[in-house]
Amino acid sequence: MNFTEIISRQIQVARVYGIPVRIDYRWFAVVALSAYMIAYSFRQGSWYVAGVEWPTAWAVGILTTAIFFLSIFGHELAHAVVGRAEGIDIEEIVLHPFGGLARMRREPDSPRAEFRIAVAGPAASFIFALLAFAGLSLAEMGGYRLASAVFFIIGSGNLLIAVFNLFPGYPLDGGRVLRALLWHRTGRLEEATRTVSLGGQLIAWILIVLGVYVAVAWGAYLMGVWSVLVGFFLRGAAASV
């Protein structure tokens, strides 16, 4: 077994409603990087919150990262629950470096089912964002600036996930919503799938070009590299259908 095969393996960490929940090994690197970046930002401080000591910064970084990735799991669980309600068996939920995936054993039976399953994830993320922003307001009223910052990160992250996933290209949820609408209009699932696949590949190339531009023009190398990696991931997924 080579190195690539090792790091792309998955481990099962739980079963929720009988659905296996697995984690890609590479996911742990993303979690560690996220926790460090959040901890570092709290250690340095900002105009909003004063810097804290490293033990506190690490505790906040780990807690914020854990809550954020639990919300990503909640996004995928929403897809899975609605999929089951539509009579589709869910093979697994996988958390990987670029998000998550609720893997269904077959395609939905109708455009309506496809639409409901697709919108469930972004709807859940919007709800998580609203709850986090409500927590932000309460923390602000109580004068808890550190908690306010944590709620802001979680709320903003979930809002970004919801909006990004509504872009009209496969495998994003917005692509599946568009596929449901095209399927309903034309009655041809394969044709609708090809259309959203092209949309997904276009979005992927935009992310790749944007990532290169951000890295070269702005010097934001981490953001740029991440955008490029997400772009290549989406391109591969879109081209595979």
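The structure presented is a predicted model; accordingly, all values stated were derived computationally and were not measured.

Asks: It is not clear to me how the sheet that holds strand β4 (residues 99-104) should be interpreted in this structure. Could you clarify?
Replies: The strands that make up a sheet are held in pairs by hydrogen bonds between backbone atoms, and each pair lies either parallel or antiparallel. The strand order across the open sheet built from 4 strands is β1-β2-β3-β4, with neighbouring strands paired in mixed fashion. Edge positions in the sheet fall to β1 (10-16) and β4, since each of these pairs with one other strand and no more. Strand-to-strand twist in this sheet, taken as the mean axis angle between neighbours without regard to direction, amounts to 25°. As defined by bridge partners, strand β3 (residues 90-96) adjoins β4 across 6 bridges and the pair is classed as antiparallel. Across the sheet, the residue bridging to I90 is M104, located in β4. Packing against the sheet, helix α2 (residues 25-44) makes contact with β1, β2 (19-24) and β3, and its axis sits at approximately 65° to β2.

Asks: Could you clarify how one ought to interpret the pairing of β3 in this entry?
Replies: The two faces of a sheet get side chains in turn, since along a regular strand they alternate between them. The buried fraction of β3 is high, at 6 of 7 residues. Across 3 bridges, β2 lies against β3 in parallel orientation. For R22, the partnering residue across the bridge sits in β3 and is V94. Between β3 and the antiparallel strand that follows it, β4, lie 2 residues.

Asks: I would appreciate a short explanation of the environment of T64 in the present structure.
Replies: Counting through the fold element by element, T64 comes out in helix α3 (residues 54-85). Since its relative accessible area comes to 1%, T64 is described here as buried. Put simply, T64 and I154 are 90 residues apart on the chain and 7.1 Å apart in space, counted from C-alpha to C-alpha. Once you skip the residues sitting within four places of it in the chain, T64 turns out to touch I38, V150, I153 and I154.

Asks: I tried to follow the confidence of the model for the protein on my own but got confused; where do I start?
Replies: Put simply, the protein has an average pLDDT of 92, and 96% of its residues get 70 or more. Across the protein, the element-wise mean pLDDT spans from 42 in helix α1 (residues 3-7) up to 97 in helix α4 (residues 111-142). In this model residues 1-7 is a low-confidence stretch, pLDDT under 50, and it forms 6 contacts with partners more than four residues away in sequence or in other chains.

The rules behind each value
Residues numbered from 1 in each chain as written. Predicted model: local features only at pLDDT ≥ 70, side-chain atom pairs only at ≥ 80, totals over all residues. Heavy atoms only, no water. Pairing = 2+ DSSP bridges. Helix = DSSP H or I, 4+ residues; strand = E, 2+ residues; numbered from the N terminus. Axes fitted to C-alpha atoms, helices over the stretch in contact; angles between N-to-C directions. Contact = heavy atoms within 4.5 Å. Buried < 20%, exposed > 50% of the residue type's maximum accessible area, 1.4 Å probe, protein only. pLDDT = per-residue confidence, 0-100.

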